[in-house]
Amino acid sequence: MCRPTCLVLAVLLAGCSAPADSPTAPPLKAAGERPQSPTAPGPAGTTTGTDWPCFLGPTHDNVSPETGVLAPWPRDGLRKVWDCELGVGFAPPVVAAGRLFHFDRFDDNCRLTCRDARTGKFLWKFEYPTDYVDRYNYDPGPRACPVVDGDRVYVHGPEGMLCCVRAEDGKELWRCDTRAKYHFQQNFFGVGSVPLVDGELLIVPVGGSPRGPRPFDFRLVKPDGTAIVGFDKKTGEVRYAKGDELSSYSSPVIATLGGKRTGLYFARGGLLGFDPQTGDARFHFKWRARDEESVNAANPVVVGDRVFLSECYAVGSALAEVKNGTVKEVWTDADKDRSDKSLLCHWNTPIHAAGFVYGCSGRHTEDADLRCVELATGDVKWTRRTRSRGALLMADGYFVCLAENGRLSLFKVSPEKYDEVSHSDVPELEYPCWAPPVLSHGLLYVRGKGRLVCLELIPGKG
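A few points on the structure. In this text the structure is predicted, and so the values were computed from the model without any measurement.

Procedures and definitions
- The numbers attached to residues start from 1 for each chain and follow its sequence in the written order.
- Given that the model is predicted, a residue must reach a pLDDT of at least 70 before its local features are reported, and side-chain atom pairs must reach 80 or more before they are shown or counted; all residues, however, enter totals for whole chains, interfaces and linings.
- In computing side-chain properties, one takes all heavy atoms of the structure into account and sets aside hydrogens as well as water.
- At least two DSSP bridges between two strands are needed for those strands to be called paired.
- Per the convention used, a helix needs a DSSP run of H or I reaching at least four residues, while a strand needs a run of E reaching at least two, with both numbered from the N terminus.
- For helices, the axis comes from a line fit to the C-alpha atoms of the stretch in contact; other axes are also lines fit to C-alpha atoms, and the angle between any two N-to-C directions lies between 0 and 180 degrees.
- A simple rule labels every residue: compare its accessible area, found with a 1.4 Å probe on the protein chains alone, to the largest value its type can have, and call it buried under 20%, exposed over 50%, or partly exposed in between.
- Residue contacts are defined here by distance: any two heavy atoms, one from each residue, within 4.5 Å place the two residues in contact.
- Among the buried residues, those of types Ala, Val, Leu, Ile, Met, Phe, Trp, Tyr and Cys that are joined through side-chain atoms within 4.5 Å form a nonpolar core.
- Counting rule for disulfides: a pair of cysteine sulfur atoms within 2.5 Å.
- What qualifies as a polar contact is a pair of N or O atoms within 3.5 Å, subject to a donor-acceptor requirement within protein and to the restriction that residues adjacent in sequence count only when both atoms come from side chains.
- Classification of ring pairs rests on two measures: the distance between centres of Phe, Tyr or Trp rings, Trp counted by its six-membered ring, which must be within 6.5 Å, and the angle between planes, read as stacked under 30 degrees, edge-to-face over 60 and tilted in between.

### Structural notes on the sheet that holds strand β24 (residues 351–353)
One open sheet accounts for four strands, arranged β24-β25-β26-β27; its pairing is antiparallel. With partners counted over all chains shown, the strands left at the sheet margins are β24 and β27 (380–385), one partner each. Ignoring strand direction, the axes of neighbouring strands in this sheet form an average angle of 20 degrees. In terms of strand pairing, strand β26 (residues 369–374) meets β27 through five bridges, oriented antiparallel. Paired with D369 across the strands is R385, a residue of β27.

### So, the environment of F285
Looking at where F285 falls in the secondary structure, it is placed in strand β19 (residues 281–286). For F285, a relative accessible area of 10% corresponds to the buried category. With residues near it in sequence (within four places) discarded, F285 still touches G269, G270, L271, L309, A318, A320, V327 and E329.

### Quick word on unusual backbone geometry
P72 follows A71 through a cis peptide bond whose omega is -5 degrees. With respect to the helices, strands and loops of the structure, P72 is situated in the loop between β2 (63–64) and β3 (79–85). Residue Y431 is joined to P432 through a cis peptide bond whose omega torsion reads 5 degrees. Phi is positive for N324, close to 50 degrees, though the residue is something other than glycine. Structurally, the position occupied by N324 is in the loop between β22 (317–323) and β23 (326–332).

### Thoughts on the sheet that holds β2
Sheet architecture is open: five strands sit in the order β2-β28-β29-β30-β31, paired in mixed fashion. The outermost strands of the open sheet, each flanked by one partner alone, are β2 and β31 (420–425). Here strand β29 (residues 398–403) pairs with strand β30 (residues 407–412) via five bridges, running antiparallel. When the bridges of β30 are listed, C401 appears paired with S409.

### Quick notes on the nonpolar core
Ranked by size, the top nonpolar core spans 39 residues in total, and within it F101, L112, W124, W174 and F231 carry the most contacts. Core analysis: the second largest hydrophobic core is formed by 32 residues, V69, C84, V446 and V453 among them.

### A look at the pairing of strand β9 (residues 152–156)
Along β9, five of the five residues are buried, which leaves the element largely enclosed by surrounding structure. Side chains R152, Y154 and H156 of β9 all project onto a buried face; the interleaved residues V153 and V155 project onto the opposite face, where all are buried too. As defined by bridge partners, strand β8 (residues 147–149) adjoins β9 across three bridges and the pair is classed as antiparallel. Bridge pairing in β9 links D149 to R152. Direction of pairing for β9 relative to strand β10 (residues 161–166): antiparallel, over a ladder of five bridges. Within the sheet, the bridge partner assigned to R152 lies in β10 and is R166. Counting the residues in the hairpin turn of β9 and β10 gives four residues, including G160, whose phi is positive at 100 degrees.

### Brief notes about the pairing of strand β15 (residues 238–242)
Sheet topology note: the strand β14 (residues 228–232)/β15 ladder contains four bridges and is antiparallel. When the bridges of β15 are listed, F231 appears paired with V238. Linkage of β14 to β15, two consecutive antiparallel strands, is achieved through a turn of five residues, within which G236 is found at a positive phi near 85 degrees.

### Quick look at the state of the cysteines
Applying the stated criterion across every chain, the model contains zero disulfides. There is no disulfide at C84, and the cysteine sulfur nearest it, in C454, is 9.7 Å away. For the unlinked cysteine C164, the closest cysteine sulfur is that of C163, found at 8.9 Å. Relative accessible area serves as the criterion here: at 0%, C164 is assigned to the buried category.

### Let's talk about the side chain of S310
By the secondary structure assignment, S310 is in strand β21 (residues 306–310). A distance of 3.0 Å separates the side chain of S310 from the backbone oxygen of L343, its partner in a polar contact. Here the side chain of S310 touches C345 through a polar contact of 3.0 Å, landing on its backbone nitrogen. If we ignore the near neighbours within four places in the chain, the residues touching S310 are F266, A298, G316, S317, L343, L344 and C345.

### With respect to the side chain of H441
Its location among the elements puts H441 in the loop between β32 (438–440) and β33 (443–448). On the basis of relative accessible area, H441 is assigned to the buried category, the value being 11%. Looking at H441, its side chain comes within polar contact range of the side chain of D51, at 2.7 Å.

### As for the packing of aromatic side chains
The tally for this structure, following the rule as stated, stands at 20 aromatic pairs. For the ring pair F101 and W124, a centre distance of 5.9 Å and an interplane angle of 55 degrees mean the geometry is tilted. One end of the pair, F101, is in strand β5 (residues 99–106); the other, W124, is in strand β7 (residues 122–129), and 23 residues separate them in sequence. Look at W124 and you get buried, because its relative accessible area is 0%. Each ring, one from W382 and one from Y418, has its centre 5.7 Å from the other, and the planes form 65 degrees; the classification is edge-to-face. With W382 in strand β27 and Y418 in the loop between β30 and β31, the pair connects residues that are 36 residues apart, well separated along the chain. By relative accessible area, W382 is classed as buried at 7%. Joined through ring pairs, the aromatic side chains of Y136, F188, F189, F218 and Y249 make up one cluster.

Rendered as structure tokens:
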């Protein structure tokens with residue numbers, strides 16, 4: 001059975017709407033709590049780091065430009081700044097303009113909560129009702145993290161509800177029930193792709209299909225030309241709906257390939273290349289396991305005109321190159337035995353550094369390890385047995401790895417060997433810790449079951 005760690009989510013409204021204080025809009029304040037202003041991210045005139053407003057950070061690759069990472073760590077681990085209780089779900093937080101946003105489920109409501117990023121103080125909440133049920137009886141909370149764009153925040157729930165709210169106070173601006181509008185069949189673990197802002201558009205993987213009952217075998221579900229939907233980010237109006245693919249648990253990215261800005265979505269059937277402003281398809285590179293219960297979840301990794309893909313169910317990794325509007329294979333793991341495949345990433349997106357790709361390989365906890373792979377050839381340079389899947393963040397010449405059991409480790413970025421500097425358990429974290437770590441203004445945010453913890457990774461910035 002496929003395990004629902006493919007993160008990295010029936011509602012009240014059908015179709016798209018832009019309510020203005022309608023009776024169906026939920027209250028924006030928590031009982032007994034008043035919205036407050038966040039503290040500033042740092043003293044005036046100082047450099048305190050960078051915001052982390054979307055999935056995998058501002059460059060969409062889980063690489064931070066911040067420097068001054070504490071190494072080695074104190075014997076008892078990094079200093080805890082604050083922590084808070086969460087609902088159910090698997091999404092990481094995001095940070096922008098001194099505020100931290102996280103998206104979880106509490107009882108029968110999906111809830112976006114805004115806090116002061118430095119203190120954890122509650123500022124406001126936004127909720128909408130949901131009756132989403134996971135097909136494999138795992139937590140029915142959000143898989144996709146919020147996206148902050150200026151004065152707006154977007155959330156994409158496990159049932160397909162797309163909402164835009166005001167960042168200042170959580171007031172709803174518009175929403176669209178994508179399942180009602182495009183009739184996608186429920187994927188194994190609900191909706192999990194994180195939307196992407198491009199100019200005036202909000203690009204959302206929907207993966208609609210012809211109306212009718214869900215086939216017993218998900219491989220029989222057919223796309224209907226609504227793989228990618230481009231919404232006007234301010235009004236929620238649909239600008240395009242195109243692409244013959246179904247959705248996955250990967251999220252779209254934009255890169256320049258062959259001199260053209262290209263949207264990339266590692267969809268259920270493979271890599272879809274498209275024009276991000278029109279939705280017009282440019283190429284399709286088929287890549288997925290034949291098993292019904294398999295998904296693509298890691299984001300594509302772009303290096304120049306080449307795109308690295310990885311999944312953990314059967315086919316493994318592939319490197320494709322885009323030239324003159326066409327895509328061709330450079331190398332793949334397709335014909336290798338499982339033990340010889342270069343990298344099998346589950347829900348974690350690997351990270352590229354200086355010609356090498358680093359990531360966690362393995363479908364299950366017991367067969368997981370960390371690996372360094374040469375990008376050009378797929379050759380494995382080193383392997384570190386971990387028996388725990390994890391997600392990486394790169395900063396200042398180091399990788400921070402959050403294992404699913406709550407252990408944090410710090411090791412050097414090196415293709416020569418696994419060179420660990422420090423490790424420690426985070427006592428407040430419980431399995432499963434599947435959300436990737438987040439670094440913003442020197443503070444490291446990590447989440448596990450029901451709790452978010454803020455740690456000081458770069459002293460003096462937070």
